[in-house]
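An overview of the molecular structure
Here is what each chain is made of, one letter per residue.
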Amino acid sequence: MIVVTGATGNVGRPLVRALVSAGEQVTAVARKASAADLPAGIRSVDADLAEPATLKAALDGAEALFLLLSGELLATGGDPRGILDVAREAGVRRVVFLSSQGVATGRHPAHLEETVTASGMDWTVLRPGGFHSNALLWADAVRTRRLVAAPFGDVALPTVDPADIAEVAAAALRYAVHSGATYELTGPAPISPRQQVAAIEDALGEPVRFVEQTRVEAREQMLRFMPEPVVEATLGILGAPFAAEQRLSPDVERILGRPARPFADWAARNVAAFR
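As the structure is a prediction and not an experimental result, all values here were calculated from the model.

1. A closer look at the pattern of salt bridges
Evaluated as defined, the whole model comprises 19 salt bridges. The closest approach of N and O atoms between Arg 127 and Glu 113, which form a salt bridge, is 2.7 Å. A residue pair is termed long-range when its members are at least 10 positions apart, and Arg 127 in strand β6 (residues 122-128) and Glu 113 in helix α6 (residues 111-117) qualify at 14 residues. What makes Glu 113 buried here is its relative accessible area of 7%. Close ionic contact of Arg 143 with Asp 140 constitutes a salt bridge, the shortest N to O distance being 3.5 Å. Placement of the pair is Arg 143 and Asp 140 together in helix α7 (residues 139-145), with a separation of 3 residues, close to one helical turn. The class of Arg 143 is partly exposed, set by a relative accessible area of 39%. By relative accessible area, which is 46% here, Asp 140 ends up partly exposed. Here the salt bridges do not stand alone but share partners, grouping Asp 164, Glu 167, Arg 258 and Arg 261 into one network.

2. As for helix α8 (residues 162-174)
For α8, with 13 residues, the first-to-last C-alpha span of 18 Å sits near the 18 Å given by 1.5 Å per residue. Where burial is concerned, most of α8 is hidden: 11 out of the 13 residues are buried. Backbone nitrogen of Ala 163 and a side-chain oxygen of the N-cap are separated by 2.8 Å at the start of α8; the cap is Asp 161.

3. Side note on the packing of aromatic side chains
In the structure shown here, the tally under the stated rule is 2 aromatic pairs. Ring centres 5.4 Å apart and planes at 35° place the aromatic pair Phe 263 and Trp 266 in the tilted group. You can see Phe 263 and its partner Trp 266 sitting in helix α14 (residues 263-269), 3 residues apart, about one turn around the helix. Judged by relative accessible area, Trp 266 falls into the buried class, the value being 3%. An angle of 80° between the planes, with centres 6.1 Å apart, marks the rings of Trp 266 and Phe 274 as edge-to-face. In textbook terms, an aromatic cluster arises when at least three aromatic residues are bridged by ring pairs, as seen for Phe 263, Trp 266 and Phe 274. We note Arg 107 situated over the ring of Phe 242; from NZ or CZ to the ring centre the distance is 3.9 Å.

4. Details of the nonpolar core
Ranked by internal contacts, the top residues of the largest apolar core, which has 32 residues, are Val 4, Leu 15, Phe 66 and Leu 126. When residues of this core are assigned to their parent elements, the largest contribution, 8 residues, is made by α8. In terms of nonpolar packing, the next biggest core, distinct from the first, is built from 25 residues, Ala 47, Leu 59, Leu 67 and Val 125 among them.

Conventions and cut-offs
- Starting from 1, residues in each chain are numbered consecutively following that chain's sequence as written.
- The model is predicted, so local features are restricted to residues of pLDDT at least 70 and side-chain atom pairs to those at 80 or more, both for listing and for counting; the totals for chains, interfaces and linings are taken over all residues.
- The basis for every side-chain value is the complete set of non-hydrogen atoms in the structure, without hydrogens or water.
- In the sections that follow, a salt bridge refers to a side-chain nitrogen of Lys or Arg positioned within 4 Å of a carboxyl oxygen of Asp or Glu.
- Each helix is a run of H or I in the DSSP string that is no shorter than four residues. Each strand is a run of E no shorter than two, and both are numbered from the N terminus.
- The buried label goes to any residue with under 20% of its type's maximum accessible area, the exposed label to any with over 50%, and the partly exposed label to all in between, with areas taken from a 1.4 Å probe on protein chains only.
- Every helix has an expected span of 1.5 Å times one less than the residues it contains.
- Within 3.5 Å is the distance limit for a polar contact, defined as a pair of N or O atoms, with the added protein rule that one can donate a hydrogen and the other accept it, and that residues adjacent in sequence qualify only through two side-chain atoms.
- Each pair of aromatic rings taken from Phe, Tyr and Trp, with Trp reduced to its six-membered ring, is defined by centres within 6.5 Å and is described as stacked if the planes are under 30 degrees apart, edge-to-face if over 60, and tilted in the remaining cases.
- Placement of a positive charge over a ring is assigned whenever Lys NZ or Arg CZ falls within 6 Å of the ring centre and within 35 degrees of the normal to the ring plane.
- Side-chain atoms within 4.5 Å link the members of a nonpolar core, which is a set of buried Ala, Val, Leu, Ile, Met, Phe, Trp, Tyr and Cys residues.

Printed below as a string of structure tokens:
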């Protein structure tokens, strides 16, 4: 049995589907999961990762754990040690941790990964760059005004489809060959915000106006829902990426046996969010 934390999120939802399609028994963990969020018949457990003891019921009988730490937990300096202790005591043998490309480039601290790799369990670390689904932050403005306001309009980064992250995670959870590996996950090509908006236009079949924000304007907006250190790191990546943050990784294609999905594919699949 495999336990998926963050089971109703952009990665967790397709991961649950991928595991179920592969015939795995899955327990979905989220703060509040409704039947509409999950495939039919999936066992779900409401739990708060900030209180690891609440995971005990979910982990009973589990062999593997997909660990996704919430933004709120990360913002408060959350430490996964308690979660990993509970998992190990429950008999979990393998953990797949959703980390960040920023660990490799020094934008984000490494201590979370180090805690996972020192857990005593088999581990795999996934380091995605930006998600295609970050464009959902524009959805309300596109729906209501056919407008996107974003900074650094022509700086391109190889964002990755959450569905690709999910499929890589599913492979790592199911097969021991991935133990001890750290994978960097990117899309197939760099794409700028302006190009992302053009792809959303194509999916909608209607024009969407792009307005380039200043760094100050973007910072003020992001501070409404993100802690300041995360905002500064994010703006650094978006506006002045390191060469490593623009580099394409072969890991998605190597693991899945097919190319990573482009942003246009994600936009077409998720066009309803922008209508």
